[in-house]
Amino acid sequence: MNLSRAMLLLRVLASAEVAGLRGGELGERSGLHRVTMHRLLRELEREGLVEQDEERRYHLGVTAWRLGLAAGKRFDLSTVAAPSLVRIESQIHDTVYLLRRVGDEVLCIARRDGSYPIKSLVLEVGTSYPLGIGAGGLAVLAALPDAESQEILQRTLARLDGYPRVDETAVRRLLAETRAQG
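Residues numbered from 1 in each chain as written. Predicted model: local features only at pLDDT ≥ 70, side-chain atom pairs only at ≥ 80, totals over all residues. Heavy atoms only, no water.

(A) Just the packing of helix α6 (residues 134-143) against helix α8 (residues 168-181), in detail. Interhelical geometry of α6 versus α8 gives an angle of 70° and a closest axis separation of 9 Å. Compared by their axis directions, α6 and α8 come out roughly perpendicular. Note on packing geometry: the crossing formed by α6 with α8 is right-handed. Across from L138, L141 and A142 in α6, the residues of α8 making contact are V171, L174, L175, T178 and R179. (Axes fitted to C-alpha atoms, helices over the stretch in contact; angles between N-to-C directions. Helix = DSSP H or I, 4+ residues; strand = E, 2+ residues; numbered from the N terminus. Parallel < 35°, antiparallel > 145°, perpendicular 65-115°, else oblique. Left-handed = near helix turned anticlockwise from the far one by under 90°. Contact = heavy atoms within 4.5 Å.)

Here is the structure:
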């Protein structure tokens, strides 16, 4: 089994969350050839990493869940950060997110909903997006040394298509403004 292709399928399925994906949708999103994709899916099913429901939609399987639980014990920053999230939310009354850098992305690992009556809940726990996108991703990118942030930006430019009104010029301008404001 080609590990990188199998991981691609698992990441695509993870992004589909509870709804899962039909084979055609999974093929479109992964860009894998239909035959290759189905061969990998069969192997992933045998390992319990993927399951297919009665509507023929693919989902992450029980083994993926178990692996996530085991990894969660190592990466459980949300418990450590909980008092800080409570303190910040009580001061600003707005929703507070805890993000963790994972490669060229930020991953939302905790959220504390604020008491302010108007809510803009833009992130769910478990959602990730490229560095440079959104306030959190921009803050993390701005905190990195310039050479590293420029390398990351070059790698993520191709992924900006999925973000309306965001292009390289806008990200570079926002990055400069964020750094100037500290």
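(B) Representation of the nonpolar core. In this structure, L9, L26, L41, L44 and V50 are the most contacted members of the largest nonpolar core, which totals 17 residues. For this core, the secondary structure elements donating two or more residues are α1 (3-16) and α3 (34-46). With six residues, α1 is the single largest residue contributor to this core. In contact with V50, not counting residues within four places along its chain, are L10, L13, L41, L44, E45, Y58, H59, L60 and G61. Among the nonpolar cores identified, the runner-up in size contains 16 residues, and Y129, L138, I152 and V171 belong to it. (Core = buried A, V, L, I, M, F, W, Y, C linked by side-chain atoms within 4.5 Å. Buried < 20%, exposed > 50% of the residue type's maximum accessible area, 1.4 Å probe, protein only.)

(C) The arrangement of unusual backbone geometry in detail. Even without being a glycine, R56 presents a positive backbone phi close to 65°. The residue R56 is located in the loop between β2 (50-52) and β3 (57-60) in this model. For R56, a relative accessible area of 56% puts it in the exposed group. The backbone of H93 shows a phi angle near 65°, a positive value even though the residue is not glycine. Of note, H93 is situated in the loop between α5 (77-92) and β4 (96-102). Of the residues examined, H93 reaches a relative accessible area of 38% and is grouped as partly exposed.

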